[in-house]
Structures are given as C-alpha cells and as structure tokens.
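Here is what each chain is made of, one letter per residue.
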Amino acid sequence: MNAASPSLTRQHRETVLRVLIPVGVVLALILIWHLTVTLSGVPQYILPSPGAVAGAMVKDWGTLAPALWVTTQITLAALALALIGGVGIGVFLIQSKWIETAFYPIAVILQVTPIVAIAPLILIYAPTTQVALLVCAFLVAFFPILSNMVQGLKSVDHNLLNLFDLYGASRWQTLIYLKLPASLPYFMTGLRIGGGLSLIAAVVAEFAAGSAGAGSGLAFRLLEAQYRLNIPRLFAALILLSILGVVIFGITSFIAWLSLHRWHESSLKREN
Amino acid sequence: MTDLQSPEASPPSTPHKRPLVVMTNVSKSFSSGTLALSDMSLTVAGGEFVSLLGPSGCGKSTALRIISGLGDVTTGSIDWPSSRINAKGLPEGDISFVFQEPTLMPWQTVFGNVYLPLRLRGVSKAQASDEIMAALETVGLKDFAKAYPRELSGGMKMRVSIARALVTKPKLLLMDEPFAALDEITRQKLNDDVLRLWRETGITVVFVTHSVFESAYLSNRIVVMKARPGRVHADFPLETSLERAPLYRTSEEYRAACEKVSASLLEAIGPGAAMEMH
C-alpha cells in the first residue's frame, strides 16, 4: 500500500550502515593493534598500545593542542591563499593565449621543483618561520587549483560562448555568468586536492624548517617526540594530523557536494 | 521598432515588408583554406519562413552563423537593414539563435536559462519575470520554471532553448537543425509549435535542415544549397492553400511540395552523389 515508507527505512538503514561499517573497521583495527601489543610484549618505546597513545594524548594535550592549532592555521591560511591565487591567476591566464604561453611554464616550474629543495631558500628570505611554512604550503596547494581552474575555464561549451557573443555579453559578464560557474566542478576537484596537499606541505615544510618554541606545529612535536623516544606522543601527534586531514577532506567534500549536487553529474545518484 | 528614416534602404520586393537580412556575394573561407561559401546572395524579408536545405558540407550552418553576425565574411557583405547596428557593426537584440543542441547552462534552472538574454542586457530578475513566464508558457513549460535541465527530456530542453530565444522578442529567429536529434513524434510536435509561433508572433524564421519533409512542411520559401563549395542552387517559394497543420502532412499538396523540394535537392547533389541518398 504505502510504497514510500519501506524504501525510506531501507534508505535510512543504508545511511546508518554507511557510517557504522567504516567506524567498525577502525575499531577492529585498534583492537587488533591492542591485542598484538599486549600479546607479543613489544616494548612501549617501539610500539605503544592504543591505551598508551590515548594516555599520551591526554597527558600531553597542553603541548599538542597549541601545535595542532598552529598546523591548522598554516594549512587553512595556505589553502585560502592558494584558492585566491589559483582562481585569480587562472582567470588571468585565460585572457589570452599569449599570456598563458608566457606564464603557465612558470607555474609548472614552481610545482615540479620539490618543496623540500626550495624550503631552505624560502627560510632564508622569509621574515619568520611561520611565513616560510605558509609560503611552502601555498606553493604546493596552489598548482592543482590553478591547473584545474585553467582547464575548467577553457572547457566551456562553445555554443554557449557563441550565445553569449550573440547577446553582446561583455568579457566580465561572460566570466561571471558562464566561465566561472562552468568551471565550478573543476574548481572543486582542485579544492579537494589542494586541501590535502596544503596539510602535507605544511608538515613537510616544518620538517625542513625545524622551527621550535611556542610557534611550532605538530610536525615539530612529532620530530621532538622521536628524538626523545617518546613514541606514544609521536603516535598521538600523528593521529591528530590524520584527524585534521580527514576533517579537511570532509569539509572540502561537503562544500563540493553542496555546490554541485543540484546540477552536476558527479554529485547525482544514479537511479536505474 | 522599424526605422523608416533609414535612407539607404533599397526597395524590397514586397512593398510593405523591408528586408531583415541582405547577404550580397558572400564568400567565406576558413583558415584551413576550405571555401565554405562561394558568392552567396540571399535577402530575407520580414515574415518569411525560409528553410536552408542541402547536403552536409554545403555551408548552410556557416551561412546561418553569418546571418546571425557570429561569423565574419571573407568577401562580400552582410547587412541588417531593419536592425539597430551596434559599435561592433552587428545587429543588436533583434536576432535569436537556436542551436542543434539545447545549449543550456546546467547550473541554472529553466527560469535562469531563459532569463539569460535579459540578464545580459541588465534587466533585473523582478522586471524580467513576467516576460520569462510568458515565454515559458508559449512553449508549454510554465510549470517547469524551477526545474534543472537534467530533469527534463530532450524535447523539453529544446523547448527551453526556444523560450530563451523568444524572451527578447526578436524579429528574426535562426534555427540550426534544432530538432535533428529528437525522435520523430517530438520533432513533429515541435515543428507545429514553431509554426504556431511564426503565425502568432509574425516572427521571421531561417531554418537550417537536411530533411526534405521538414522543410516542405514548415517553410514558405526554400533555399536549396550545393556543396563544395557551398552556394545557392535554387531559391523558390512554397505556397500552400492549406493550413500547415498535422492534416497537411497527408495532403496531396504536401506530397507535391516534397516532390518538388526533393527533385531540387537531388539536382543540387548531382548524379554521382545521388547514389549515396536512399
């Protein structure tokens, strides 16, 4: 009789399972980790048990929390700059074929040079270590956003471009009403890649920079814990980095879904 | 909006109708060296329904683009005597184009897509709303204003595209094989819709097609084109005493019209290539 309600509960159950299954797998892995450590008798300074890591997380929270905050700030600031730079320069590059020919190779050179190799130079020129880290993370996150943006801005339907010409649209109108919306799916791909890369770059740059003191991030805490053979703390810092990465991925994916789900194929659920 | 003051308007063939488009000895070659159009002259008068018919590669789409002002000519000239010409030398606001594909913006609703031409002219959404809804009503999609293109069928998308073309109340509607990708029933339905629009609004239509039957059904003038290089082969009126409505499809007059058009097209294709046609 009522066709909607069983399918609704089924959909509901699917949603619950979607959350429960991955959580269950993570819990199972932690349990295996715990059993391995306790049953094999590996010393804590080689492989700490999950309990010891949790203990370190609580005990060292006073050290880890500010470091987490620093890393989060650098990552998000670098991502924000990369978004502004990537979109802005992308729009600039597509203005003419010659501009693109002239400047795109520079972006490629910046991208392909390993960040660890440029980090020492950036450290010399940057006024503070924080700025150096920011520049490094920016350089890494910027390119995928730029290249996706350029690709997206150039992939506009030619007939739509003709239509805009026919109606006498200005360059600005074509950009705002056509090129930018049409490149949104590409931008979102760039955002998701850039979000992940900016965190990786923030960590790698801090390894290279080796900053210390109040302004240091999770990467430095990680190295420090290694030197002191404080392995539970190392694991705790590592887990915080993973959580930060997952949260960034979740947020960027959600933004992509939010902006695309009404019209773009990638966000549609296939029904057949 | 007819500007009667314009001095250089040549006297049109029918005294009360000024030509909308005058193509004079137009040739067009592409950068690849292909001569797409050779010495084509065509005058389209107000109120006509002209079909450009021909085999593929005969330059009919190129001719249509030149008429729209989108494509420039290599030699010869194109003029729009009844239109206001803007700084770029192109007619402003009098011409609408319907492409073979619906060419809708997927991120906009049906309403947003039809709003586009008015939006580009700086008309606010509130001001444009009535005209948009009227255009949607004309094509029978009033209830779908909030839908996204992906939720519509191929025929409905094409209707949105037509509504978008009509929203500016153009004098000249250019259609480039608009229904070629649709199924037969939808195509016939849309043909009737276009004819109804043509009768009710007095709009002038230039319709590119490769279908003898479609052109004979729709148009009161046929321009048959020839390929390599593209040029006009024949240009003749196609009057009928009957109303161009579904019953016309089974009439003797329609059969005769199809035969006439078909014979001219076969001539244009030539004896060698005619074998390719079935």
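About the criteria used
- Residues numbered from 1 in each chain as written.
- Chains lettered and ligands numbered in written order.
- Predicted model: local features only at pLDDT ≥ 70, side-chain atom pairs only at ≥ 80, totals over all residues.
- UniProt positions renumbered as here; feature names shortened; annotations may be inferred.
- Helix = DSSP H or I, 4+ residues; strand = E, 2+ residues; numbered from the N terminus.
- Rg over C-alpha atoms; globule rule 2.2 N^0.38 Å.
- Contact = placed C-beta atoms within 7 Å.
- Nonpolar A, V, L, I, M, F, W, Y, C, P; charged D, E, K, R; others polar.
- Pairing = 2+ DSSP bridges.
- Axes fitted to C-alpha atoms, helices over the stretch in contact; angles between N-to-C directions.
- Domains from an automatic or database assignment.
- Expected span 1.5 Å × (residues − 1).
- Buried ≥ 20, exposed ≤ 12 C-beta atoms within 10 Å, placed from the backbone.
- Right-handed = clockwise from strand over helix to strand, strands pointing away.
- Core = buried A, V, L, I, M, F, W, Y, C linked by C-beta atoms within 7 Å.
- Parallel < 35°, antiparallel > 145°, perpendicular 65-115°, else oblique.
- Left-handed = near helix turned anticlockwise from the far one by under 90°.
- pLDDT = per-residue confidence, 0-100.

In the nomenclature of an unreviewed UniProt entry, chain B corresponds to ABC transporter ATP-binding protein from the organism Rhizobium lemnae. The UniProt entry for chain B carries the following comment under Sequence similarities (unreviewed entry): "Belongs to the ABC transporter superfamily."

Per an unreviewed UniProt entry, chain A goes by the name ABC transporter permease and belongs to Rhizobium lemnae. As its UniProt record puts it under Sequence similarities (unreviewed entry), chain A is described as follows: "Belongs to the binding-protein-dependent transport system permease family."

On to the overall build of chain B. The number of helices and strands found in chain B is 7 helices and 9 strands. Computed over C-alpha atoms, the radius of gyration of chain B comes to 19 Å, within 12% of the 19 Å expected from 2.2 N^0.38 for 278 residues, which places it in the range of a compact globule. Considering only C-alpha atoms, chain B reaches an extent of 55 × 45 × 40 Å along its principal axes. If you take every contact in chain B between residues at least 6 apart in sequence, the share linking residues at least 24 apart comes to 70%.

Of the residues lining the interface, 16 residues belong to chain B; the matching set on chain A comes to 16 residues. No other element matches the 3 residues that helix 2 (residues 110–120) of chain B contributes to the side of chain B that touches chain A. In terms of residue class, the side of chain B that touches chain A is built from 9 nonpolar, 3 polar and 4 charged.

As a further point, take the sheet that holds strand 1 (residues 19–29) of chain B. All names here are of chain B. Taking strand neighbours across the sheet as the criterion, the 3 strands line up as 2-1-4 in an open arrangement whose pairing is antiparallel. The sheet is open, and its two edges are formed by strand 2 (35–45) and strand 4 (75–79), each paired on a single side. Between one strand axis and the next, the sheet turns by 15 degrees as a mean value, whatever way the strands run. Across 4 bridges, strand 1 lies against strand 4 in antiparallel orientation. Within the sheet, the bridge partner assigned to Val22 lies in strand 4 and is Asp79. The strands that helix 1 (residues 60–68) touches are strand 1, strand 2 and strand 4; relative to strand 1, the one it contacts most, it runs at about 125 degrees.

Let us look at the UniProt feature "domain: ABC transporter" (unreviewed entry) in chain B. The residues that UniProt annotates with the feature "domain: ABC transporter" (unreviewed entry) are residues 21–252 of chain B. This span, residues 21–252 of chain B, is 31% helix and 25% strand, and a straight line between its end C-alpha atoms measures 33 Å.

So, on to the sheet that holds strand 9 (residues 231–237) of chain B. Residues and elements named next belong to chain B. Ordered in space as 5-6-7-3-8-9, the 6 strands form an open sheet in which the pairing is mixed. Where the open sheet ends on each side, the last strands, each with one partner, are strand 5 (95–98) and strand 9. Neighbour-to-neighbour, the strand axes of the sheet open up by a mean angle of 15 degrees, direction not taken into account. Where strand 3 (residues 49–53) lies against strand 8 (residues 221–226), 4 bridges are found, and the strand directions are parallel.

Attention now goes to the domain arrangement of chain A. We note that the domain assignment places domain 1 (1–41) and domain 2 (48–267) within chain A. Computed over C-alpha atoms only, the centres of domain 1 of chain A and domain 2 of chain A are separated by 31 Å.

Per the UniProt record, "transmembrane region" (unreviewed entry) is found at residues 20–47, 67–94, 101–125, 131–150, 193–214 and 234–260 of chain A. The span residues 101–125 of chain A shows a helical share of 92% and a strand share of 0%, and its end C-alpha atoms are spaced 29 Å apart.

Okay, helix 9 (residues 184–209) of chain A next. Its 26 residues give helix 9 of chain A an end-to-end C-alpha distance of 35 Å, which sits within 8% of 38 Å, the value for a rise of 1.5 Å per residue. In terms of burial, helix 9 of chain A is a largely internal element, 21 of the 26 residues being buried.

Tracing the sequence through the fold places Pro66 of chain A in helix 3 (residues 61–93). Between the C-alpha atoms of Pro66 of chain A and Ser147 of chain A, which are 81 residues apart in sequence, the distance is 34 Å.

All names here are of chain B. Burial runs high along strand 7 (residues 204–209): 6 of the 6 residues are buried. Of the two faces of strand 7, both are covered, the one formed by Thr204, Val206 and Val208 as well as the one formed by Val205, Phe207 and Thr209. As paired strands, strand 6 (residues 172–176) and strand 7 are joined by 5 bridges and run parallel to one another. Its bridge partner lying in strand 7, Leu173 is registered against Val205. Tracing the backbone out of strand 6, into helix 5 (residues 184–201) and back to the parallel element strand 7 gives a crossover that is right-handed.

This next bit is on the nonpolar core. Residues Leu52, Val114, Ala163, Leu174, Val206 and Val223 of chain B are the most contacted members of the largest nonpolar core, which totals 81 residues. Among all residues touching Val206 of chain B, those that are not within four sequence positions of it are Val44, Val50, Leu52, Leu64, Ile67, Leu172 and Leu174 of chain B. Counting 60 residues, the second-largest nonpolar core is a separate cluster that includes Val87, Val203, Leu222 and Leu241 of chain A.

Our next topic: the packing of helix 9 of chain A against helix 10 (residues 218–227) of chain A. What describes two packed helices is the angle between their axes and the distance between those same axes. All names here are of chain A. Interaxial distance between helix 9 and helix 10 falls to 8 Å at its minimum, and their mutual angle equals 50 degrees. In this view, helix 9 runs oblique relative to helix 10, as classed from their interaxial angle. Considering the relative orientation of helix 9 and helix 10, their crossing is right-handed. Here Val203, Glu206 and Phe207 of helix 9 lie close against helix 10, whose contacting residues are Ala219, Phe220 and Leu223. Looking at the contact of helix 9 with helix 10 residue by residue, the class counts come to 5 nonpolar, no polar and 1 charged.

With that settled, consider the domain arrangement of chain B. All names here are of chain B. Here the domain parsing of chain B yields domain 1 (19–94 + 171–269) and domain 2 (104–169). Listed as interface residues are 10 residues of domain 1 and, on the opposing side, 7 residues of domain 2. The greatest single-element share of the side of domain 1 that touches domain 2, amounting to 4 residues, is contributed by helix 5.

Quick look at the packing of helix 3 of chain A against helix 6 (residues 129–154) of chain A now. Residue and element names in this part refer to chain A. Running from N to C, helix 3 and helix 6 cross one another at 40 degrees; their axes reach a closest spacing of 6 Å. Considering their axes alone, helix 3 and helix 6 lie oblique with respect to each other. In the packing of helix 3 onto helix 6, the handedness of the crossing is right-handed. For the contact of helix 3 with helix 6, a count of residues per class yields 22 nonpolar, 5 polar and no charged.

Turning our attention to the confidence of the model for chain B. Residues and elements named next belong to chain B. The share of residues in chain B with pLDDT of 70 or more is 91%, and the mean pLDDT across the chain is 85. Counting interchain partners and residues more than four positions distant, the pLDDT-below-50 stretch residues 1–16 has 11 contacts. For residues 274–278, every residue scores under 50 in pLDDT, and the model assigns this stretch 3 contacts once sequence neighbours within four places are set aside. Across the assembled chains, the prediction reports ipTM 0.83 with pTM 0.82.

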